[in-house]
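Per-entry structural report
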Amino acid sequence: MTIPTATLSHLHRADGSATYSQGGYTVVAGVNGPVEVQRRDELPEEAAIEVNVRPAVGVGSPKERQLESIIHSTLRHVVLTRNHPRTLIQVTLQVVSTPEDESLLRSTHSLSILPSLLQASILALLSASIPLSATFNAALISLSPSGSLSLNPPSKALADASSVHVFAFSSHGDLVVSESSGCFSVSDWERAHDEARKVCIHGPETETDGAMEVEGEGAQTNLQSFVEKVVAERVEKERYWKDST
Amino acid sequence: MASAPSAISFPPATFAKLSPAPFVLAHLKPTSSSQSSTRPSGRSPSEFRSPTINTGSLTHASGSAVVRIGDTAVVCGVRGEILRASDIPHPYTTSGPGDDGSKEIEELGLLIPNLELSTGCSPAHLPGNAPSTLAQSLSQRLLSLLHISKLVDGRELRIEYQAPQTDDEVPDQPSEVVTKAYWALYIDLLFISLDGNPFDAAWAAIIAALRDVRLPNAWWDPDREAVLCSDRVAESKRLNLRGMPIASTFAVFSTANPQRRREEAEIWVLADPDGFEEEQCAETVTIVVAPKQGGKGGVLRIEKSGGGVVGREEMADLISQAEDRWSGWEQVLLQERQ
């Protein structure tokens, strides 16, 4: 598994921003909001959310529209939209780089980028201090024809996989996104689900051990601890002037 | 019925317009423990609308189907067009006799689904508008499902040519079979009416239309250097589809909101939601099953987003509901073929 990296609040013109990279994908996310909304998009009782996904090369296609609609409905679930009625929260996700061997994947294959997009969008929302009911973390799992699971597999393994799964879990432990494609059985799906759940949320044992003991190679990075660490570091940096006095 | 409405009661239609979510809740929540919950349409939560199919109604298409589920009606037309191999900038090279042609279909883009919602099918989709996000994302989902399910055999779309033996050639060396052209299938879907659950209807229409496809017998004519088609119906051939994947969509109606404790929320999973229910449900689950595909697996696609209600246990239950739904569709689709 590749170690994810993230930077928070590095764009100065946006209300919130984040860069997230994992497994060769790098996504820059910018959040503006709550801002004024166009009349036709206005919702009387809640904030409208707009998600734009821009590919690394070229202009958006139906593939990006599909990703946008998945991210949009997920964000609608976690953002407390009723706190800002008649406003707009705009999330822009720009894919900066994709793995070099992405051409091995089928042209219609769109799941492999989804975890990075979801992760970048939640980090940017945190950076913009948008009120959320929960955060979420996403993981990519592939099942080889022989039935072995791999977490965040490289493109080569994805191209040969019999099924590919994307899961996102909220910090409450709920399954918020599940996108699976390929040929698989219920028990395959459940195995992939359990594996993804381990990565996406703290188990009871990781909480007692303290946050980050995963610096060593081969250790699994827990995504929830990772997000907490990134945010804590940023907060510490921003409070530096206050704490040092 | 005959009694005049009192000061605080509305006729159902007004109630539904004024506060749709409490209206759905009032239907679903049984008034006494002996009653089971019913949806505004009168269906039980796990009841699907029964589909009707009519195939072959378009005369100028290679295959066509009209599928109607409740008030959702979609027309699908499949048109075969010839793509000459010499016009392909990066020709596809087969990876040997074991190649089942599914990669070929993807690389050359031989299946082209397009979905049109801007027909005035519902008040939310104005006629003449550019394809909405919904229409684009549905087209993409259909395309990726066509590829995942390997429904169409790529070998059936090849138009091949084998040069005849000449005397001066070595007799025991048969001449090579060359793919001179391909059939490209344009799959156009037009929604006449949309009342929820567009994906299930669209996918069923594609299956029914592809089962109805008759491609004329086509061959390469070396003298004219062109592909010729026979106009005899008897020579035309049907496609042999692999399996019959069926999509089932569920929507989750929940009374949860950030102000309420999560345990107190009441939840119903509604199968095959109609347009009114869809607006009140944020979370949707689409499951595509094809039970008879080689014994292994059985599920081709799970798409779930928008909420956190359906988890590990609920999903297993929904998959078994989708499998039951599959046999219902199988009957309707097989009847139509005769």
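The preceding data block contains the structure.
Residues numbered from 1 in each chain as written. Chains lettered and ligands numbered in written order. Predicted model: local features only at pLDDT ≥ 70, side-chain atom pairs only at ≥ 80, totals over all residues. Heavy atoms only, no water.

1. Side note on the overall build of chain B
Looking only at helices and strands, one finds seven helices and 14 strands in chain B. Projecting the C-alpha coordinates of chain B onto the three principal axes gives extents of approximately 100 × 40 × 35 Å. Scored against the burial criterion, the 338 residues of chain B give a buried share of 46%. The long-range fraction of contacts in chain B, counting pairs at least 24 apart against all pairs at least 6 apart in sequence, stands at 66%. Averaging the coordinates of the 31 positive side-chain charges in chain B and doing the same for the 44 negative ones gives two points 5 Å apart. (Helix = DSSP H or I, 4+ residues; strand = E, 2+ residues; numbered from the N terminus. Buried < 20%, exposed > 50% of the residue type's maximum accessible area, 1.4 Å probe, protein only. Contact = heavy atoms within 4.5 Å. Lys, Arg positive; Asp, Glu negative; His and termini not counted. Charge placed at Lys NZ, Arg CZ, Asp CG, Glu CD.)

2. Describing the interface of chain B and chain A
Between chain B and chain A, the residue contacts involve 33 residues of the former and 34 residues of the latter. Carbon and sulfur atoms make up 52% of the area that chain B and chain A hide from each other, which totals about 3100 Å². Ranking the residues of chain B by area buried against chain A places Glu106(B), Gln140(B) and Arg312(B) at the top, with a combined share of 20%. Linking chain B with chain A are three salt bridges. Among the ionic pairs, Glu179(A) bridges to Arg301(B), the shortest N-O distance being 3.5 Å. With nine residues, helix H4 (residues 133-149) of chain B is the largest single contributor of residues to the side of chain B that touches chain A. Of the residues contributing to the side of chain B that touches chain A, the split by class is ten nonpolar, 14 polar and nine charged. Pairing of strand E9 (residues 175-184) of chain A with strand E14 (residues 299-305) of chain B involves five bridges; the strand directions are antiparallel. Residue pairing in the sheet places Ser178(A) in a bridge with Lys304(B) of E14(B). (Buried area = accessible area lost by both parts, 1.4 Å probe. Salt bridge = Lys/Arg side-chain N within 4 Å of Asp/Glu carboxyl O. Nonpolar A, V, L, I, M, F, W, Y, C, P; charged D, E, K, R; others polar. Pairing = 2+ DSSP bridges.)

3. Things to note about the sheet that holds E9(A)
The antiparallel open sheet is built from eight strands, whose spatial order is E7(A)-E6(A)-E8(A)-E9(A)-E14(B)-E13(B)-E11(B)-E12(B). What marks the edges here is a single partner per strand, and that holds for strand E7 (149-151) of chain A together with strand E12 (267-271) of chain B. On average, adjacent strands in this sheet sit at an angle of 20° to one another, irrespective of strand direction. By the bridge criterion, eight bridges tie strand E6 (residues 136-143) of chain A to strand E8 (residues 163-170) of chain A in an arrangement that is antiparallel. By the bridge assignment, Leu140(A) is partnered in E8(A) with Val166(A). Seen against the sheet, helix H2 (residues 20-28) of chain B touches strand E11 (246-254) and E12 of chain B and runs at an angle of roughly 100° to E11(B). In this fold helix H5 (residues 198-212) of chain B packs onto E11, strand E13 (283-289) and E14 of chain B, with an angle of close to 175° to the strand it touches most, E11(B). (Axes fitted to C-alpha atoms, helices over the stretch in contact; angles between N-to-C directions.)

4. Some points on the pattern of salt bridges
Two side chains carrying opposite charge are able to pair once their charged atoms lie near each other. Residue and element names in this part refer to chain B. By the definition in use, this model includes 30 salt bridges over all chains. For Arg79, the salt bridge identified is with Asp188, shortest N-O distance 3.6 Å. Of this pair, Arg79 sits in strand E3 (residues 72-84) while Asp188 is found in strand E6 (residues 177-193), placing the two residues 109 residues apart along the sequence. You can call Arg79 partly exposed: its relative accessible area is 36%. Residue class for Asp188 comes out partly exposed when judged on its relative accessible area of 32%. In this structure, a network of salt bridges that share partners links the residues Arg39, Arg43, Arg49, Asp195, Asp272 and Glu277.

5. Structural notes on unusual backbone geometry
Of note, the amide linkage connecting Gly33(A) to Pro34(A) takes the cis form, showing an omega dihedral of -5°. Structurally, Pro34(A) is set in strand E3 (residues 25-35). Phi is positive for Ser129(A), close to 55°, though the residue is something other than glycine. Here Ser129(A) is to be found in the loop between helix H2 (114-127) and E6. Classification of Ser129(A) as exposed rests on a relative accessible area of 60%. Positioned with a positive phi, Lys150(B) is a non-glycine residue whose angle comes to about 50°. You can see Lys150(B) is positioned in the loop between H4 and strand E5 (158-162).

6. Some remarks on the environment of Asp15(A)
All names here are of chain A. Here Asp15 lies in the loop between strand E1 (5-8) and strand E2 (16-22). Accessibility expressed as a relative area gives 41% for Asp15, which makes it partly exposed. On a C-alpha basis, the gap between Asp15 and Leu125 in space is 9.0 Å, while along the polypeptide they are 110 residues apart. If near-sequence neighbours (up to four positions away) are discounted, Asp15 is found in contact with Val31, Asn32, Gly33, Ser127 and Ala128.

7. Here we look at the sheet that holds E3(A)
All names here are of chain A. Reading across the sheet, the five strands line up as E1-E2-E3-E5-E4 and stay open at both edges, with mixed pairing between neighbours. Each of the sheet's edge strands pairs with one partner strand only, and the pair in question is E1 and strand E4 (48-54). Across this sheet, the average inter-strand angle for adjacent strands is 15°, counted without regard to direction. In the sheet, E3 pairs with strand E5 (residues 88-97) via eight bridges, with the strands oriented antiparallel. Among the inter-strand pairings, Val27 is bridged to a residue of E5, identified as Val95.

8. A short note on empty space enclosed by the protein
Residues and elements named next belong to chain B. Per the stated rule, a full pass over the model turns up one cavity of 30 Å³ or more. The computed volume of the largest cavity comes to approximately 50 Å³. Lining the largest cavity are Ser102, Ile105, Glu106, Leu111, Leu146, His147, Lys150, Leu151 and Val152. Of all the secondary structure elements, the ones that give two or more residues to the lining of the largest cavity are helix H3 (102-108) and H4. Broken down by element, the residue count for the lining of the largest cavity peaks at three residues, all from H3. Taken together, the residues of the lining of the largest cavity break down into five nonpolar, two polar and two charged. (1 Å grid on protein atoms, 1.4 Å probe; cavity = no way out; pocket = protein on both sides within 12 Å on 5 of 7 lines; lining within 4 Å. Points joined across faces, edges and corners; volume = space filled by probe spheres on them.)

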